[in-house]
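Chain residues, written in single-letter form:
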Amino acid sequence: MHSQFFPNIRLYRTVESTQHLAKQMLKQWIITENTALVAKRQTAGIGRRGSKWVSSPGGLWCSLVILEPDLTDNAAITIWAGNLVHRTILNFFPAAPLSIKWPNDVFYSDKKVAGILVTQGNYNSPHKNQPAVIIGIGININQKKFPPEISEVATSIRIETSKRTKIGKLLHVLLTEFGKSYPLYASKKLSMFIDYFNTYDYLRSRLIRISHNKREYIGRASGISDSGSLIVQLSDNTIREFVSVDKIDILH
Ligand code: BTN
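Residues numbered from 1 in each chain as written. Predicted model: local features only at pLDDT ≥ 70, side-chain atom pairs only at ≥ 80, totals over all residues. Heavy atoms only, no water.

Caption draft 1: Seen up close, the site of the ligand. Lining the immediate surroundings of the ligand are 21 residues, of which Ser17, Gln42, Ile46, Arg48 and Lys112 lie closest. Contacts to the ligand include Ser17, whose side-chain N or O atom sits 2.7 Å from an oxygen atom. In the environment of the ligand, an oxygen atom lies 2.6 Å from a nitrogen or oxygen atom belonging to the side chain of Lys112. Calculation on the ligand without its partners gives an accessible area of 410 Å², and the protein chains cover 98% of this total. At a threshold of 2 Å from the grid points, most atoms of the ligand map onto the largest pocket. (Near = heavy atom within 4 Å. Polar contact = N/O pair within 3.5 Å; in protein donor to acceptor, adjacent residues only side chain to side chain. Areas by Shrake-Rupley, 256 points an atom, 1.4 Å probe, with all protein chains shown as cover. 1 Å grid on protein atoms, 1.4 Å probe; cavity = no way out; pocket = protein on both sides within 12 Å on 5 of 7 lines; lining within 4 Å. Sits in = over half its atoms within 2 Å of the grid points.)

Caption draft 2: The arrangement of the pattern of salt bridges in detail. Here the structure, examined in full by the defined rule, presents 5 salt bridges. As a salt-bridge pair, Lys112 and Asp105 come within 2.7 Å of each other at their nearest N and O atoms. For the residue pair Lys112 and Asp105, the accessibility class agrees, reading buried in each case. Residue Lys247 pairs with Asp249 through a salt bridge whose shortest N-O separation is 3.1 Å. Exposure remark for Asp249: the relative accessible area of 18% places this residue in the buried category. (Salt bridge = Lys/Arg side-chain N within 4 Å of Asp/Glu carboxyl O. Buried < 20%, exposed > 50% of the residue type's maximum accessible area, 1.4 Å probe, protein only.)

Caption draft 3: Representation of the environment of Arg13 in the model. Note that Arg13 resides in strand β1 (residues 8-15). With a relative accessible area of 67%, Arg13 lands in the exposed category. Arg13 sits 211 residues away from Ile224 along the chain, and the two C-alpha atoms are 38 Å apart. Ignoring anything within four residues of it in the chain, the contact list for Arg13 reads Ala39, Lys40 and Arg41. (Helix = DSSP H or I, 4+ residues; strand = E, 2+ residues; numbered from the N terminus. Contact = heavy atoms within 4.5 Å.)

Caption draft 4: The arrangement of the layout of surface pockets in detail. As a volume, the largest pocket reaches approximately 1300 Å³. For the largest pocket, the lining is made up of 49 residues, of which Arg48, Ser51, Asn104, Asp105 and Lys112 are closest to its centre. Put simply, the parts of the chain that give the lining of the largest pocket at least two residues each are α1 (18-27), β3 (60-66), α2 (74-92), β5 (105-108), β6 (111-124), β7 (129-139), α3 (148-151) and β12 (247-250). Ranked by residues supplied to the lining of the largest pocket, first place goes to β6 with 6 residues. Along the lines of polarity and charge, the residues of the lining of the largest pocket split into 21 nonpolar, 16 polar and 12 charged. By volume, the second largest pocket amounts to about 240 Å³. As for the second largest pocket, its lining consists of 13 residues, and the residues nearest its centre are Val38, Ala39, Lys40, Ile167 and Gly168. Looking at side-chain class alone, the lining of the second largest pocket contains 9 nonpolar, 3 polar and 1 charged residues. (Points joined across faces, edges and corners; volume = space filled by probe spheres on them. Nonpolar A, V, L, I, M, F, W, Y, C, P; charged D, E, K, R; others polar.)

Caption draft 5: Quick look at the sheet that holds strand β8 (residues 207-212). Here we have 5 strands laid out as an open sheet, ordered β11-β10-β9-β8-β12, and antiparallel in their pairing. Only two strands of the sheet have a single neighbouring strand rather than two, namely β11 (239-242) and β12. Here the strands of the sheet are splayed against their neighbours by 40° on average, with no regard to which way each runs. Taken together, the 4 bridges between β8 and β12 define a ladder with antiparallel strand orientation. (Pairing = 2+ DSSP bridges. Axes fitted to C-alpha atoms, helices over the stretch in contact; angles between N-to-C directions.)

Caption draft 6: Summary view of α2. The first and last C-alpha atoms of α2 sit 28 Å apart over 19 residues, in line with the 27 Å expected at 1.5 Å per residue. With 14 of 19 residues buried, α2 is to be regarded as a mostly interior element. (Expected span 1.5 Å × (residues − 1).)

Caption draft 7: Region of interest: the sheet that holds β1. Strand order in the open sheet formed by 7 strands is β1-β2-β3-β7-β6-β5-β4, and the pairing between neighbours is mixed. The open sheet has two edge strands with one neighbour each: β1 and β4 (98-101). For this sheet, the mean angle separating the axes of adjacent strands, direction not counted, is 20°. Sheet topology note: the strand β2 (residues 35-42)/β3 ladder contains 5 bridges and is antiparallel. Bridging from a neighbouring strand, Val38 pairs with Cys62 of β3. Across the sheet, helix α5 (residues 167-188) is in contact with β1, β2, β3 and β7; its angle to β3 comes to roughly 25°.

Caption draft 8: Quick look at unusual backbone geometry. In this chain, Trp102 is followed by Pro103 through a cis amide linkage whose omega measures 0°. At Trp29, a position not held by glycine, the phi torsion is positive, near 65°. Note that Trp29 resides in the loop between α1 and β2. Overall, the relative accessible area of 22% leaves Trp29 in the partly exposed class. The phi angle at Lys214 is positive, at roughly 65°, despite the residue not being glycine. Of note, Lys214 is situated in the loop between β8 and β9 (215-224). We classify Lys214 as exposed; its relative accessible area is 89%.

These figures come from the coordinates and say nothing about function on their own.
Rendered as C-alpha cells:
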C-alpha cells in the first residue's frame, strides 16, 4: 500500500495497542516521518477516558502519527478525524445512515461503528524536539458479533449491511482522505469541517443530560461551535458551550 501523506505504513498481526506502540516508537525515535501503524488484532486496545476497546480481527485498528508542530488542538483534531472516518465509510456505503456523535463517535443508526482517540506529545531527546499527534482510529468492519457487554451499543458495517468490506481498501481510502484534507485543515483549521459535522450531527436537537466535573446540565444539543465545542441550549434557555464532558445521556 502507498500513501503520500503517510510514507511509512507498518502492518502488524497482533499488538497490545497501536496507540501505545506509536508512543513507544516516538520515544525511541523510530518514527521520523508520518506513519500509519495498523494491526489485525489488539490485545489491549485503548478507548477514550481509559476504557477498553474491543479489537478482535475484522476491524481496522490503526494509529496515524503526524509529525506536525502546528497540530495542537486535540478537540479540533478529533472533529476533523471524525469527519474523515465518516466520509470514508460513506465512500463504500453512500446510503448508510451514518452520523457523528460529538465529539468522536461515528454511529450507524443508533450504534457506534467507529471511535477516535487523539493523543499528542513532545518527544524530546538531547538533540531534537519532535512534536507529534497520534490519531487512533478503530472502525468495526467485518465482525459478526460483539461481547455481550457492548453488543447493545456497538455494531459493525457487516452486521448492518450484511456485506464484507476489504479492510485494506478502506484503510487506503482513509489515508487518502487524510492526505487530501490535511492542507485544508492546516490552513483553515476547523471552519471547513463544522458544516459537515452539523449536517451529520447525531445529537442534533436531542434532549441530553451532560455530566461534567460532578455537575449535571440538561438541555437541547444545538450543534458545534467554530472551535468544535458542543453547543447546548439549557432548560433555562441560556446557551452553554462544552469543550469536553465526562458523560452524555440522551433523554429524548
Ligand atoms: C473511543 O473510545 O471511542 C476511541 C477508540 C479508539 C480505538 C483505536 S483502535 C486503534 C488505536 N489503538 C488503540 O489502542 N486505540 C485506538
